[in-house]
Amino acid sequence: MFKAKTHSISHKLTWMNMLVSGTALLLACAAFIGYDMVTFREAMVRNLSTQSQIIGSNTASALLFNDPQSAANTLSALTAAHDILCAAIYEPDGRLFSSYSRDPRRDSPPLTIAAGQTESHSFKNRDIVLVRPIVFQGKPTGIIYIRSDLEELDQRLRQYASIAGVVLLACLMAALLVSSVFRKAVAEPIVGLAEVARIVSHDKNYSIRATPAPRRDELAILIDAFNEMLAQIQENEAALRKAHDELEQRVQERTAELESAKGELEAFSVSILQAKEELERASKFKDQFLSTMSHELRTPLNAVLGFSDLLTEERYGSLNDRQQRYVAHIHTGGKHLLRLINDILDLSKIEAGRLQLAIESVPVRTSFAEVADAMRPLAEKKSHSLVVNASKELSVRADAVRFKQVLMNLIGNAIKFTPEGGTIELAGRQLGEVVRVEVRDSGPGIPPEEQQRIFEAFYRLNQTEKMVEGTGLGLAITKRLVELHGGHLGLESQQGSGSCFYFTLPSSPGFEAEKARTSGTALKTGETARILVVEDDLTAAHLLQSHLVAAGYGVVLCGQPERALEMAVDLQPSAVTMDIMMKPVNGWELLASLKSDSRTARIPVIMVTVVDQPATGSLLGADEYIVKPVEKTTLLAAVQRCLNLRGRIAPARPILVVEDDVSTREFIAELLSKQGYVVSVAPDGPAARSQVATSLPELVILDLILPEVSGFQLLAEWRSDPRTAELPVFVLTSKDLTPKEREYIRANTGALFQKHERWQQALIRQLQRAVPPVPTEKS
Amino acid sequence: MTRFHSSASDRRAPHNRAFNHHPRLWQCLTAIIVILAFLCFPVLHAQQPRPNEYQVKAAYLFNFGRFVKWPTAPTAGKDGSFMVCVLGQDPFGAILDSTLAGEDLDGKRVVTRRISKPQDAGTCRILFISSEEETHLKEILSALDEEGVLTVSDMPGFSRRGGMIQFFMDGNRIRFEINLASTQNARLTLSSELLKVAAAVRKSAGPGD
């Protein structure tokens, strides 16, 4: 294909050359020969004419004197002219006068000819015929006819043709030569270029170049341009390849990134799942924590408050003024702490969505009265006048306890922030479908910029004149409580003209049973020693409640005996009083279920009834049996007995607390006593030594750092003595222990507690494990 | 390629044949016309009266004038005409006049004249001597000596006797012979053409000399 093409190009060149030169030559020859033929023919005609003229003039006399022989003689001279075929002389009238033929058999002149001829010639059948009048001295004397063949012309033509052929041949040879030169100059570079182009297109090899032409001509420009183009293509291709490689690399990088991102994403989703699980677990822990905390925090605080309260009662001896003041401080601090804890727990519960409301119809006026009674002492302390204003039929749908909590919070705030001698007004009114409750004070008012923020948790009004105690949570809880009820808490205040906190609650169409309300109210009290009063008769219940509350007990009323077991499980009261004649569950049944349930079996039960069957009560596990009508002293004594019974442990040997710090010693003693253990104390080593020597204790709680004789010394002595080698010892210390000491203690004692940790519960747990409390005994 | 060419020429061939046919047709027609013309010719020829002897001789007289060059002629006629004279009895009659009427010779108007005496022939260029004057020929010729007059006669022995051109009958044809010596004596130059058509040319003087 390629070879054929190159052949075709050089062939074409050759052919072109030869065609051009041949055509030019042929045209030139033709023109030349044509021209020559024409002129030659004209010359022939002229020659013929001349001949005829000569013959004519030479035959004039013959004509004139009628001598054909003479004319024939003259004509016969034409034998010398080979081309003359025949000739004739005619008289003026056209009659043949004399004739001549070179070959008579072939050619002969016509016998007559038209008279009055002018000179003319014509070509007939490859002959020239010339007719000419013979004029002698201006007179037409005759006519001459002469016919010549064109042999000479043909001969000449043949000669020309042969010459032209030779010249043509020579020219073509020359053209061939020239074209071979051209081929070298033109075709070869093109062929080379084509070869390079073929290689380039076939092999995609852009690095080769066409050989540059030696001369500067269009071909050289073409080759240069081609080479330049190749260079550009090469460059472009290189750039393209580079770009392609880069792209590929980038694609790979991106793919890798994507894969890693995918991996990260998967890992992330796994971690999210883990986080979710952790969150769920944490949420579960939080719930557990909240429920634990409500006990764990409140229990010791209750102890603090209880003890301090006990102290103020001066039951165990009179206190001087200072003692009184301190105990009051303890009590106040404890109460504040309790409130704070309660608030935090409440808020946490609300935030966690775990606060459940016991919605019922609550008479507003009653709640107002109760709250006002509770708050009045506080108000009176600051000489405030507390005004309550609510119509009797007004009631809301709310949790009664929470409703009163809200009211107390708002009134407490009003009391706190109103300067002495102010007025606090509590008012409620129907407002369409809702009840609007307002707590208005005559305080300094709240600046607008603080009005929104005061509802945030831990926010406290910027009061400089006097630091007011409070948790900073009250309003936040209040707001959330109101909102939980489906209401709205708001504030209208102008600086200098007091504040008005208001909230709305859905109104309730009517009253509910009184007992439902009372059962609710009872819940708030009695953390110190809660007595669950199961009594479906309201009057009896109230009587019992007033006696017990007056004696300082917390009372929880339960008007629905079917719920009593449930409440006992929840509340874990110190004692339960119950009637027997109740519906739908009677007292016997309830007593049996309480005593048969492990969670409530150990709660003392006091039967308060008109049924005089103490034996049955004993049989069924009742701890006390009081027959109505209830005497206050009898009741309280029975309760006291029950409480004592529950707290009393009667071991043969006491728990020895060796502690030099008085308060700690006292606290541990109280803690253990409360758990029902008998406690003896030793303030230092020698005392402990002597006590153990005289009477072996059940267990020793030993501090390591003691005056005179250290705990390690005591321990070593006791372990070396066979009598005391097996004496259980718990170590409770604030000392930083070396690993060696720790090892020693672990080997020689039953447990190690460190004071900077939470040791109390652990101690008690361990103690209970080591020394079970003595079972209760009946009095 | 070759096939295409040949087919093209094949296609052209019938046309060529057609063109060749037509000239032949015309040639046939021409031939027929020519034959018809020849058939008609004898009829036309026969209708023309055959020229008599003196008609031809009159024409010859004129023609002689065309081939002869006269010396500068002091003998030219007074009126400058070219005189053709007949001496003696005129055999031509009116024929001569009609033949020569309106003709020119040597740039002059030809005029015929009849003379009776040789002395009158001084102004003549061509003198036809009647055969009736045979007896006086010697005198006539001598009278005309060196006068530059071309003498013509049809009397027998005329050129032999010193005359210049003598007619004679050669069958039906009228021919003539020339005495070149006589013409040279008369200082006349005769064209070779004339000599060529003469039946005989006598170069010596008359035998009588």
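(A) Examining the overall build of chain A more closely. When helices and strands are counted, chain A shows 20 helices and 22 strands. A burial count over chain A gives 41% of its 779 residues as buried. The long-range fraction of contacts in chain A, counting pairs at least 24 apart against all pairs at least 6 apart in sequence, stands at 64%. Total accessible area on chain A stands at roughly 42800 Å², and carbon and sulfur atoms take up 56% of it.

(B) The arrangement of the sheet that holds strand E15 (residues 575-578) of chain A in detail. All names here are of chain A. Strand order in the open sheet formed by five strands is E14-E13-E15-E16-E17, with parallel pairing between adjacent strands. Two strands close off the open sheet at either side, each with one partner strand: strand E14 (554-558) and strand E17 (624-627). Mean inter-strand twist for the sheet, computed between neighbouring axes without regard to direction, equals 20 degrees. With three bridges joining them, E15 and strand E16 (residues 605-609) adopt parallel strand pairing. Along E16, the bridge assignment pairs methionine 578 with methionine 607. Helix H11 (residues 538-550) rests against strand E13 (530-534), E14, E15 and E16 of the sheet, and its axis sits at about 170 degrees to E14. Taken strand by strand, helix H13 (residues 587-596) contacts E13, E15, E16 and E17, and its axis lies near 180 degrees from that of E16.

(C) Geometry of the side chain of serine 101 of chain A. All names here are of chain A. Note that serine 101 resides in strand E2 (residues 96-101). Serine 101 gets classed as buried once you look at its relative accessible area, which sits at 18%. Engagement of the side chain of serine 101 in a polar contact is seen with the backbone oxygen of aspartate 107, the distance being 2.7 Å. Residues within four places of serine 101 in sequence aside, it is in contact with Leu85, Cys86, Asp107, Ser108 and Pro109.

(D) Representation of the sheet that holds strand E4 (residues 127-136) of chain A. Residues and elements named next belong to chain A. Strand order across the open sheet formed by five strands is E2-E1-E5-E4-E3, with antiparallel pairing between neighbours. Each of the sheet's edge strands pairs with one partner strand only, and the pair in question is E2 and strand E3 (120-124). Put simply, the sheet's adjacent strands are angled 15 degrees from each other on average, direction ignored. With ten bridges connecting them, E4 and strand E5 (residues 139-149) associate as antiparallel partners. Counted as the bridge partner of aspartate 127 is aspartate 149 from E5. Each of strand E1 (84-90) and E2 is contacted by helix H2 (residues 68-76), which is oriented at about 30 degrees to E2, the strand it contacts most.

(E) Main features of the pattern of salt bridges. Throughout the structure, instances matching the rule amount to 37 salt bridges over all chains. A salt bridge links arginine 241 of chain A to glutamate 237 of chain A; the shortest N-O distance between them is 3.5 Å. Remark: glutamate 237 of chain A and arginine 241 of chain A occur in helix H4 (residues 218-312); sequence separation between them is four residues, near one turn of the helix. Among the salt bridges present, the one from aspartate 104 of chain B reaches arginine 109 of chain B, with a minimum N-O distance of 3.8 Å.

(F) Local environment of the interface of chain A and chain B. Between chain A and chain B, the residue contacts involve 18 residues of the former and 18 residues of the latter. Overall, the association of chain A and chain B removes approximately 1600 Å² of surface from exposure, summing both partners, and the carbon and sulfur fraction of that is 54%. Summed over the three residues of chain A that lose the most area to chain B, namely Leu64, Phe65 and Lys139 of chain A, the buried surface amounts to 36% of that side. Remark: the boundary between chain A and chain B carries two salt bridges. Seen at the junction of chain A and chain B, the total is eight residue pairs in polar contact (both at pLDDT 80 or more). Residue assignment for the side of chain A that touches chain B shows that the elements contributing at least two residues are helix H1 (2-64) and H2 of chain A. Residues that form the side of chain A that touches chain B fall into these classes: six nonpolar, nine polar and three charged.

(G) The packing of aromatic side chains, seen in detail. Evaluation of the coordinates by the stated rule reveals 19 aromatic pairs over all chains. Between phenylalanine 136 of chain A and phenylalanine 67 of chain B the ring centres are 4.7 Å apart and the planes differ by 20 degrees, which places this aromatic pair in the stacked class. Residue phenylalanine 136 of chain A is found in strand E4, and its partner phenylalanine 67 of chain B is found in helix H2 (residues 53-67); the two belong to separate chains. With 6.3 Å between their ring centres and 85 degrees between their planes, phenylalanine 455 of chain A and phenylalanine 501 of chain A make a pair best called edge-to-face. On the criterion of sequence distance, the pair formed by phenylalanine 455 of chain A in the loop between helix H8 (448-451) and helix H9 (474-484) and phenylalanine 501 of chain A in strand E12 (residues 499-506) is long-range, its members being 46 residues apart.

(H) Representation of the pairing of E2 of chain A. Residue and element names in this part refer to chain A. Relative to E2, E1 runs antiparallel, the two being bridged by five bridges. Bridging from a neighbouring strand, tyrosine 90 pairs with leucine 96 of E2. Adjacent in sequence and paired antiparallel, E1 and E2 are bridged by five residues, among which glycine 94 carries a positive phi angle near 100 degrees.

(I) Quick look at helix H7 (residues 400-417) of chain A. All names here are of chain A. Between the first and last C-alpha of H7 there are 26 Å, a value that for 18 residues agrees with the 26 Å anticipated at 1.5 Å per step. The buried count for H7 comes to 14 of 18 residues, which makes it a mostly enclosed element. Its side-chain oxygen 3.1 Å from the backbone nitrogen of valine 401, aspartate 399 forms the N-cap of H7.

(J) Broad picture of the confidence of the model for chain A. Residue and element names in this part refer to chain A. Per-residue confidence for chain A gives a mean pLDDT of 81, with 90% of residues at or over 70. When the criterion is pLDDT under 50, residues 511-527 qualifies, and its contacts beyond four places in sequence or with other chains add up to 29 contacts. pLDDT under 50 marks residues 775-779. Its contacts with residues more than four places away, or in other chains, come to eight contacts.

(K) Inspection of the nonpolar core at higher detail. Residues Phe65 and Ile89 of chain A together with Phe64, Leu150, Val152, Phe176 and Leu194 of chain B are the most contacted members of the largest nonpolar core, which totals 67 residues. No other element matches the 13 residues that H1 of chain A contributes to this core. With near-sequence residues (within four places) excluded, phenylalanine 65 of chain A lies in contact with Tyr60, Asn63, Phe64, Phe67, Arg173, Phe176, Leu194 and Val197 of chain B. Counting 41 residues, the second-largest nonpolar core is a separate cluster that includes Val364, Val371, Ile411 and Val439 of chain A.

(L) Main features of the pairing of strand E8 (residues 173-179) of chain B. Residue and element names in this part refer to chain B. The buried count for E8 comes to six of seven residues, which makes it a mostly enclosed element. As paired strands, strand E7 (residues 165-170) and E8 are joined by six bridges and run antiparallel to one another. The partner of aspartate 170 across the bridge, within E8, is arginine 173. The antiparallel pairing of E7 with E8 creates a hairpin that spans two residues between the two strands, and glycine 171 there sits at a positive phi of about 70 degrees. Here three bridges tie E8 to strand E10 (residues 200-202), and the two strands are oriented parallel to one another. Residue pairing for E10: isoleucine 178 is matched across the bridge by valine 201.

(M) Up close: the state of the cysteines. The final tally for this structure, using the stated rule, is one disulfide over all chains. For cysteine 29 of chain A, which is in no disulfide, the shortest distance to another cysteine sulfur is to cysteine 171 of chain A and amounts to 7.9 Å.

(N) Up close: the side chain of serine 148 of chain A. All names here are of chain A. Among the structural elements, serine 148 can be located in strand E5. One polar contact links the side chain of serine 148 to the main-chain carbonyl oxygen of aspartate 83, over a distance of 3.2 Å. Setting aside chain neighbours within four positions, we find serine 148 in contact with Met44, Leu48, Asp83, Ile84, Leu85, Asp127 and Ile128.

(O) Broad picture of the packing of H7 of chain A against H9 of chain A. Residue and element names in this part refer to chain A. Where H7 contacts H9, the axes come no closer than 10 Å and their chain directions differ by 145 degrees. Here the hand of the crossing between H7 and H9 comes out left-handed. Contacts between H7 and H9 involve Arg402, Gln405, Val406, Asn409, Leu410 and Asn413 from the former and Gly474, Leu475, Ile477, Thr478, Leu481 and Val482 from the latter. Across the contact of H7 with H9, the residue classes tally to six nonpolar, five polar and one charged.

Quick notes on the rules
- Residues numbered from 1 in each chain as written.
- Chains lettered and ligands numbered in written order.
- Predicted model: local features only at pLDDT ≥ 70, side-chain atom pairs only at ≥ 80, totals over all residues.
- Heavy atoms only, no water.
- Helix = DSSP H or I, 4+ residues; strand = E, 2+ residues; numbered from the N terminus.
- Buried < 20%, exposed > 50% of the residue type's maximum accessible area, 1.4 Å probe, protein only.
- Contact = heavy atoms within 4.5 Å.
- Areas by Shrake-Rupley, 256 points an atom, 1.4 Å probe, with all protein chains shown as cover.
- Pairing = 2+ DSSP bridges.
- Axes fitted to C-alpha atoms, helices over the stretch in contact; angles between N-to-C directions.
- Polar contact = N/O pair within 3.5 Å; in protein donor to acceptor, adjacent residues only side chain to side chain.
- Salt bridge = Lys/Arg side-chain N within 4 Å of Asp/Glu carboxyl O.
- Buried area = accessible area lost by both parts, 1.4 Å probe.
- Nonpolar A, V, L, I, M, F, W, Y, C, P; charged D, E, K, R; others polar.
- Phe/Tyr/Trp six-rings, centres within 6.5 Å; stacked < 30°, edge-to-face > 60°.
- Expected span 1.5 Å × (residues − 1).
- pLDDT = per-residue confidence, 0-100.
- Core = buried A, V, L, I, M, F, W, Y, C linked by side-chain atoms within 4.5 Å.
- Disulfide = S-S within 2.5 Å.
- Left-handed = near helix turned anticlockwise from the far one by under 90°.

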